Amino acid sequence: MKKEIIEVFDNTFPGRDYTIEIVNPEFTSVCPKTGLPDFGTITVNYVPDKSCIELKSLKYYYLEFRNAGIFYENITNRILDDLVEACQPRRMSVKAEWNARGGITETVTVSYSASQQ
């Protein structure tokens, strides 16, 4: 995945804590074991510091996963790491909710806090 695709812009209100929620209900990737497509919803919640994530670039970043054979846990952690590196938020969480395949669903949630680093 090309994390350099992610663009940011200056936060106009860096002195205020506020939450941005970004939801992608059409996220796709490929199971590394079976090669079958996986479909899920990725939800990013973050409190920006000096910069915010630009949405068009995030959409193109997500498309990088479309044909990647990668496990759910790895996707979720990778997205968190790449977005934290790009925008250096005060706090961020990424939640990946996967559609049922074989009668089983999975949800993976990871979090970051600048104050704990």
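Remember, predicted model here, so these are calculated numbers, not experimental data. (Residues numbered from 1 in each chain as written. Predicted model: local features only at pLDDT ≥ 70, side-chain atom pairs only at ≥ 80, totals over all residues. Heavy atoms only, no water.)

## Quick look at the overall build of the chain
Reasoning step 1: When its secondary structure is counted, the chain shows two helices and six strands.
Reasoning step 2: The linear arrangement of helices and strands in the chain, starting from the amino end, is β-β-β-β-α-α-β-β.
Reasoning step 3: Counting only C-alpha atoms and orienting by the principal axes, one finds that the chain spans roughly 45 × 25 × 25 Å.
Reasoning step 4: Out of the 117 residues in the chain, the part that is buried amounts to 40%.
Reasoning step 5: For the chain, the computed accessible surface area is about 6800 Å², with 49% contributed by carbon and sulfur atoms.
Reasoning step 6: A gap of 1 Å separates the mean positions of the 13 positive and 16 negative side-chain charges of the chain. (Helix = DSSP H or I, 4+ residues; strand = E, 2+ residues; numbered from the N terminus. Buried < 20%, exposed > 50% of the residue type's maximum accessible area, 1.4 Å probe, protein only. Areas by Shrake-Rupley, 256 points an atom, 1.4 Å probe, with all protein chains shown as cover. Lys, Arg positive; Asp, Glu negative; His and termini not counted. Charge placed at Lys NZ, Arg CZ, Asp CG, Glu CD.)

## A word on the UniProt feature "binding site: substrate" (unreviewed entry) in the chain
Reasoning step 1: Residues annotated by UniProt as "binding site: substrate" (unreviewed entry) correspond here to Ile53, Glu54, Leu55, Tyr72 and Glu73. What stands out for the annotated residues spanning 21 residues is how far apart their C-alpha atoms range, the widest pair being 24.2 Å apart.
Reasoning step 2: Topologically, Leu55 is positioned in helix α1 (residues 55–63).
Reasoning step 3: What makes Leu55 exposed here is its relative accessible area of 52%.
Reasoning step 4: Along the chain, the position of Glu73 falls in helix α2 (residues 72–87).
Reasoning step 5: The class for Glu73 is partly exposed, based on a relative accessible area of 36%.
Reasoning step 6: Setting aside anything within four residues of it in sequence, one finds Glu73 in contact with Glu106 and Val108. (UniProt positions renumbered as here; feature names shortened; annotations may be inferred. Contact = heavy atoms within 4.5 Å.)

## Some thoughts on the sheet that holds strand β6 (residues 104–113)
Sheets are built from strands that pair by backbone hydrogen bonding, the pairs being arranged parallel or antiparallel.
Reasoning step 1: Reading across from one edge, β2-β3-β5-β6 is the order of the four strands in this open sheet, with antiparallel pairing throughout. Every other strand in the sheet has two partners, leaving β2 (20–30) and β6 as the edge strands with one partner each. On average, each strand axis in the sheet is inclined to that of its neighbour by 15°, with strand direction left out of account.
Reasoning step 2: When β2 meets strand β3 (residues 37–47), the two strands line up antiparallel, connected through nine bridges. Directly across from Asn24, in β3, lies its bridge partner Ile42.
Reasoning step 3: Of the strands in this sheet, β2 and β3 are in contact with α1, which crosses β2 at around 25°. (Pairing = 2+ DSSP bridges. Axes fitted to C-alpha atoms, helices over the stretch in contact; angles between N-to-C directions.)

## Points about the environment of Glu64
Reasoning step 1: Among the secondary structure elements, Glu64 is positioned in the loop between α1 and α2.
Reasoning step 2: Through-space distance from the C-alpha of Glu64 to that of Glu26 is 13 Å; in sequence the pair is 38 residues apart.
Reasoning step 3: Non-local contacts of Glu64, meaning those with residues more than four positions away in its chain, are made with Met1, Lys2 and Ile5.

## With respect to the pairing of strand β5 (residues 91–101)
Reasoning step 1: As judged from the eight bridges shared by β3 and β5, these two strands associate in the antiparallel manner. Within β5, the residue paired with Val44 across the bridge is Val94.
Reasoning step 2: In the sheet, β5 pairs with β6 via nine bridges, with the strands oriented antiparallel. Counted as the bridge partner of Trp98 is Glu106 from β6.
Reasoning step 3: A loop of two residues connects β5 with β6, the two strands running antiparallel in sequence, and Gly102 in this loop sits at a positive phi of about 70°.

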